[in-house]
Each structure stands twice: as C-alpha cells, then as structure tokens.
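Here is what each chain is made of, one letter per residue.
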Amino acid sequence: MNELLKSEPFLLLITIGAYYIGTLVHNKLKSPLTNPLLIALILLIPLLLALDIDYPTYEKGSHAISMLLSPTVVALGYALHMQIGHLKGNVRRVLIAITAGSIVAVLSVVGVCYIMGTPHLLMVSMEPKSVTMPIALGITERMGGLASLTAITVFTCGVFGNIVGPWFLNAIHVKSPLAQGLALGAASHGVGTARAMQLGQLQGAIAGMAIGLMGVWTAVVVPLVEYVLSLA
C-alpha cells in the first residue's frame, strides 16, 4: 500500500485532481484569490503530510508535469510571433526593462536576506524566484541551493503576482499592454503569464517573451552576485 501511495500514477492523479478542483472553484467564484494553483497547493500539502510523502518523492513522482513546463514556455513563442509587430521601436526599452528587472529581482532577495540574517544556503535558493521553474531549479542546482525551497519560492512568487499584479498595475496607472505583459512575465514567470493572457493577446505574448529573457539574464546575474558576495 505504501508503494502505491508513492507511485507515479497516484501522485500524478492527486496533482491533476487537486488542480481540477481548483479550476472548478475558480470558475465558480471568479475571484483572483481563488487561483487554481493556490487551491491545489492548499489541498495537496495536507494530503502529502497525511500520507507521509516527502517532497523528493513527490517531485520524482510528478516529474512528468514538470517536463511539460519547458515545451509550454517554448510554445509561447508562437503567440509572440503573432504580436511581433508591436515590438518594433521598443526593443531597446524591453531589453533595458528586463535587465533591470532581473537585477532587482536577485538583489531584492539578497537585501532582505541580509537584513533578516538568513543563512547563505537559503538565500541562494531564493535568488532565482522570478524565473520559470525549470530554469530556477537549474540555477539552484548549479549554485548548490535547495531545490525544494526554490520550488516553493518560485510558486509563491508566481501566485502572488497572478493575484496582485493586475491590481497593482492598475493602481499605479500602468495602461500600456506592453508594460503590463513585461511586468507580469518578468516578475511572476509562467503563472503571471497565464494572468497576462487573460488581459489580452499582446500582454500574454510579451509576458511569454519576458519569461525567456528573465531566465537568461537571471542565469547570468545570480553567479555574478554570488561572486561579488564571496569577495566581500
């Protein structure tokens, strides 16, 4: 029985089931707070604890879903292709915004961790919080961080941006679809991009592009920041 509970089919079943329930709740209530991923997390954590299934076991058993993340991100390139005309004359601005975003995303973690006295191992695990999961886990593995903490941080950042992002952009009067897409994709990766697609095709396409660019820049920025910190 224990082997069955920790098998890949069972873990995939409860993961998909939890997300399906989250989707039903979200469609019923139509509230940003009922994000399907957030509801799935609320359902899965107590269930995994009750069944005594640790994170490495769950990660191994549900790796099929993780494998789909990379091609899903690549597929966003088609949406960008359909909206490519909107980038004309804005390429330099986009690159500057993404560069600044990647630097701020990493340094904000470093700053908060230093203020809180957080151990370096935890800090380096949270630095790639604003990039999509496959890239974030790759960066963490390279830097010797904790994959489980990285996964939780990336997920939390994505859900928070999905819920709060559009409201915040509206509050500060950011009306440009290009800026909205960049902000959601750069700050909240795939989950933010899903929200951007609900705002419009252009926002979704630009957010998808921001995911890739943030991943590339963050993979460069994190090692540079760690190198500078090692010299201090």
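Since the model is a prediction, treat every value here as computed from it, not as a measurement.

About the thresholds
Residues numbered from 1 in each chain as written. Predicted model: local features only at pLDDT ≥ 70, side-chain atom pairs only at ≥ 80, totals over all residues. Heavy atoms only, no water. Core = buried A, V, L, I, M, F, W, Y, C linked by side-chain atoms within 4.5 Å. Buried < 20%, exposed > 50% of the residue type's maximum accessible area, 1.4 Å probe, protein only. Helix = DSSP H or I, 4+ residues; strand = E, 2+ residues; numbered from the N terminus. Contact = heavy atoms within 4.5 Å. Polar contact = N/O pair within 3.5 Å; in protein donor to acceptor, adjacent residues only side chain to side chain. Expected span 1.5 Å × (residues − 1). Bend = angle between axes of the 7 residues up to and from the residue. Axes fitted to C-alpha atoms, helices over the stretch in contact; angles between N-to-C directions. Parallel < 35°, antiparallel > 145°, perpendicular 65-115°, else oblique. Left-handed = near helix turned anticlockwise from the far one by under 90°. Nonpolar A, V, L, I, M, F, W, Y, C, P; charged D, E, K, R; others polar.

**Here's the deal with the nonpolar core**
Thinking step 1. Counting residues in each nonpolar core, the largest one holds 25 residues, and the members touching the most others are Leu-87, Ile-98, Leu-182, Ile-206 and Met-209.
Thinking step 2. At the level of elements, helix H6 (91-116), helix H8 (133-143), helix H10 (177-199) and helix H11 (201-231) are the ones that each hand at least two residues to this core.
Thinking step 3. Per-element tally for this core: the top contributor is H11, with eight residues.
Thinking step 4. Not counting residues within four places of it along the chain, the set of residues in contact with Leu-87 comprises Leu-80, Val-94, Leu-178, Ile-206 and Met-209.
Thinking step 5. Of all hydrophobic cores here, the second largest spans eight residues; its members include Ala-40, Leu-44, Leu-48 and Ile-53.

**As for the side chain of Asn-35**
Thinking step 1. If you trace the backbone, Asn-35 turns up in the loop between helix H2 (8-29) and helix H3 (36-50).
Thinking step 2. In terms of polar contacts, Asn-35 uses its side chain to reach the backbone amide nitrogen of Leu-37, at 2.8 Å.
Thinking step 3. Aside from chain neighbours lying at most four places away, what touches Asn-35 is His-26, Val-159, Asn-162, Ile-163 and Val-191.

**Points about the environment of Leu-38**
Thinking step 1. Within the fold, Leu-38 resides in helix H3.
Thinking step 2. With 122 residues separating them along the chain, Leu-38 and Phe-160 place their C-alpha atoms 9.4 Å apart.
Thinking step 3. With sequence-adjacent residues up to four places away left out, Leu-38 is seen in contact with Leu-33, Phe-155, Val-159 and Ile-163.

**Considerations on H11**
Thinking step 1. In this model H11 runs 45 Å from its N-terminal to its C-terminal C-alpha over 31 residues, within 8% of the 45 Å that 1.5 Å per residue would give.
Thinking step 2. Along H11, the helix axis deviates most sharply at Thr-218, where the bend reaches about 25°.

**Here we look at the packing of H8 against H11**
Thinking step 1. In contact at an axis separation of 10 Å, H8 and H11 are set at 20° when each is read in the N-to-C sense. On the basis of their axis angle, the class for H8 and H11 is roughly parallel. Taken as a pair, H8 and H11 cross one another with a handedness that is right-handed. Contacts between H8 and H11 involve Ile-135, Ile-139, Arg-142 and Met-143 from the first element and Gly-215, Thr-218, Ala-219, Val-222, Pro-223 and Glu-226 from the second.
Thinking step 2. Split into classes, the residues belonging to the contact of H8 with H11 amount to six nonpolar, two polar and two charged.

**Section: the environment of Gly-165**
Thinking step 1. Along the chain, the position of Gly-165 falls in helix H9 (residues 147-171).
Thinking step 2. The spacing of Gly-165 and Ala-100 is 65 residues in sequence and 18 Å in space, taken between C-alpha atoms.
Thinking step 3. The residues contacting Gly-165, other than those within four sequence positions of it, are Phe-160 and Leu-184.

**Some words on unusual backbone geometry**
Thinking step 1. A positive phi angle, near 60°, is found at Asp-52, a position not held by glycine.
Thinking step 2. Considering the arrangement of structural elements, one finds Asp-52 in the loop between H3 and helix H4 (55-61).
Thinking step 3. Accessibility expressed as a relative area gives 60% for Asp-52, which makes it exposed.
Thinking step 4. The backbone phi angle of His-173 is positive, close to 65°, even though this residue is not glycine.

So far we have only geometry, and geometry alone does not tell us how the molecule works.
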